Amino acid sequence: MKFNTTRFGELEVDKKDILNFAEGLLGFEQLTKFFVVDPGDQTLILWLQSVDDPKVAFPILEPKIFKSDYSIKLLPSELQSLSLESLSDATIYAILTIPKNVTDMSANLKAPIIINNKTKNARQIVLQDSKLEVRFNMYIELKRSIVAFASDDSKRTKVSAPQVVSNTTSEISTEKVEAPATKPANNTKEL
Amino acid sequence: MLVLTRKLGESIAIDDHIKIVVVSIKGKQVRLGIKAPKETKIHREEVYKAIQDQNEEAAQSDITSLSDLTSDLNKK
C-alpha cells in the first residue's frame, strides 16, 4: 500500500504495519489509522504518520531512551481494551513536541501511545499517576543517549530477550519493546 | 446536560457504583469527593485539555527543527 505524506513523500507500507486507533488521539479523534516511520536519522525519533491526513505526523520516542526509570501501570480495563494480557506484548511511545528551539522539546509521559504488537490495535492512554508530566523536558537526556547509541550502532536494531512480567500486575518498565517501524522508501532522502 | 442542585454534604449517585459528594463550598470553590470503583478513570478536565494541546503542537512539529539537534550532535 502506498501512502502520500507531507514530510516523507510517498511511502510503501505493508498492510500488517497499519495501526488502528479506534478512538483516534485526543484532538484528532477522526484519524484512526497510522503507521510508524523511521527516517533513519541520528535522532532516534520515529514518526507516527496518519494514513488519512498526509500532514499529520507525531514525533514519537520510546520513553526508555530518555528516561530509563519510566514505568507505567494500566488498569485491567485498559489492558482489556487493547486485548493485552500484559504490557510485554506492547510497544510504548511518548509523543514529543519539537518547537523551533529544539532544546525546548518535551515528551508526554502522562498519556503514552500503547500498541498491541500482535493485533496492531493502539490507544493513547491517560495514566492516573499524577506525577507524570504532559510536557517532560528531555533534550539533554535524549542528546546524551544518542551519543551513547551512536558509539554502538548495533544497539539501534537490537532486540533484547523478552522481559519477565509478573502475572499479578500490569506494571512493567519499558525496558524492551519491539518497534514496528517502517523505513521510508527513499532512504537517501535529505531530511 | 442534566443539572442538579445539591447542598453541602449531599451527593449524586451515578450508576450503582459511583458517588459524588459535595464536601465543602468556599466562595467560588467547590470540593467534591468521588467514590468509584478502582478501574474508573477520573481526571480533571484540564488534563485532557493539556494533552490535546500537546498533541496539536506535536502534529505541527517540523522535521527541519531536528537538524539543530543533529548539528549539535555533530559538533563533537
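Residues numbered from 1 in each chain as written. Chains lettered and ligands numbered in written order. Predicted model: local features only at pLDDT ≥ 70, side-chain atom pairs only at ≥ 80, totals over all residues.

## Overview of the overall build of chain B
In step 1: Looking only at helices and strands, chain B has 2 helices and 3 strands in total.
In step 2: Sequence-ordered secondary structure for chain B, helices as α and strands as β, is β-β-β-α-α.
In step 3: For 76 residues, the compact-globule estimate of 2.2 N^0.38 gives 11 Å, and chain B exceeds it by more than 25% at 22 Å.
In step 4: If one aligns the C-alpha atoms of chain B with their principal axes, the spans along those axes are about 65 × 30 × 25 Å.
In step 5: For chain B, the residues scored as buried account for 11% of the 76 residues in total.
In step 6: Residue pairs in contact within chain B that sit at least 24 positions apart in sequence constitute 0% of those at least 6 positions apart. (Helix = DSSP H or I, 4+ residues; strand = E, 2+ residues; numbered from the N terminus. Rg over C-alpha atoms; globule rule 2.2 N^0.38 Å. Buried ≥ 20, exposed ≤ 12 C-beta atoms within 10 Å, placed from the backbone. Contact = placed C-beta atoms within 7 Å.)

## Looking at the nonpolar core
In step 1: Among the nonpolar cores identified, the biggest contains 54 residues, and Ile60, Leu61 and Leu96 of chain A are the most heavily contacted of them.
In step 2: Broken down by secondary-structure element, the contributors of at least two residues to this core are β4 (33–37), β5 (46–50), β6 (57–61), β8 (90–97), β10 (113–116) and α2 (139–150) of chain A together with α1 (45–59) and α2 (66–74) of chain B.
In step 3: The dominant element in this core, judged by the number of residues it contributes, is β8 of chain A, at 6 residues.
In step 4: For Ile60 of chain A, the contacting residues outside a window of four places in its chain are Leu46, Trp47, Leu48, Tyr93, Ala94, Ile95, Leu96 and Ile113 of chain A. (Core = buried A, V, L, I, M, F, W, Y, C linked by C-beta atoms within 7 Å.)

## Some points on the interface of chain A and chain B
In step 1: On the side of chain B, 23 residues touch chain A, which itself brings 33 residues to the contact.
In step 2: Within the residue set of the side of chain A that touches chain B, elements represented by two or more residues are β6, α1 (76–81), β8 and α2 of chain A.
In step 3: Here the side of chain A that touches chain B is composed, by residue class, of 20 nonpolar, 7 polar and 6 charged. (Nonpolar A, V, L, I, M, F, W, Y, C, P; charged D, E, K, R; others polar.)

## Here's the deal with the sheet that holds strand β2 (residues 18–26) of chain B
The strands making up a sheet are joined through hydrogen bonds of the backbone, oriented either antiparallel or parallel.
Residue and element names in this part refer to chain B.
In step 1: With antiparallel pairing, the 3 strands of this open sheet are ordered in space as β1-β2-β3. Every other strand in the sheet has two partners, leaving β1 (11–14) and β3 (29–35) as the edge strands with one partner each. Strand-to-strand, the axes of this sheet are offset by a mean angle of 25 degrees, without reference to chain direction.
In step 2: Summarising the sheet, β2 and β3 pair through 7 bridges and their orientation is antiparallel. Each residue of the ladder has a partner; that of Ser24, found in β3, is Arg31. (Pairing = 2+ DSSP bridges. Axes fitted to C-alpha atoms, helices over the stretch in contact; angles between N-to-C directions.)

## Regarding the pairing of β1 of chain B
When a strand is regular, its side chains alternate between the sheet's two faces.
In step 1: Across 4 bridges, β1 of chain B lies against β2 of chain B in antiparallel orientation. Looking across to β2 of chain B, one finds that Ile14 of chain B is bridged to Ile18 of chain B.

## Focus: the environment of Ala111 of chain A
In step 1: Within the secondary structure, Ala111 of chain A sits in the loop between β9 (106–107) and β10.
In step 2: Sequence separation between Ala111 of chain A and Tyr93 of chain A is 18 residues, and the spatial gap between their C-alpha atoms is 9.3 Å.
In step 3: In contact with Ala111 of chain A, not counting residues within four places along its chain, are Gln124, Ile125, Val126 and Leu127 of chain A together with Ile51 of chain B.

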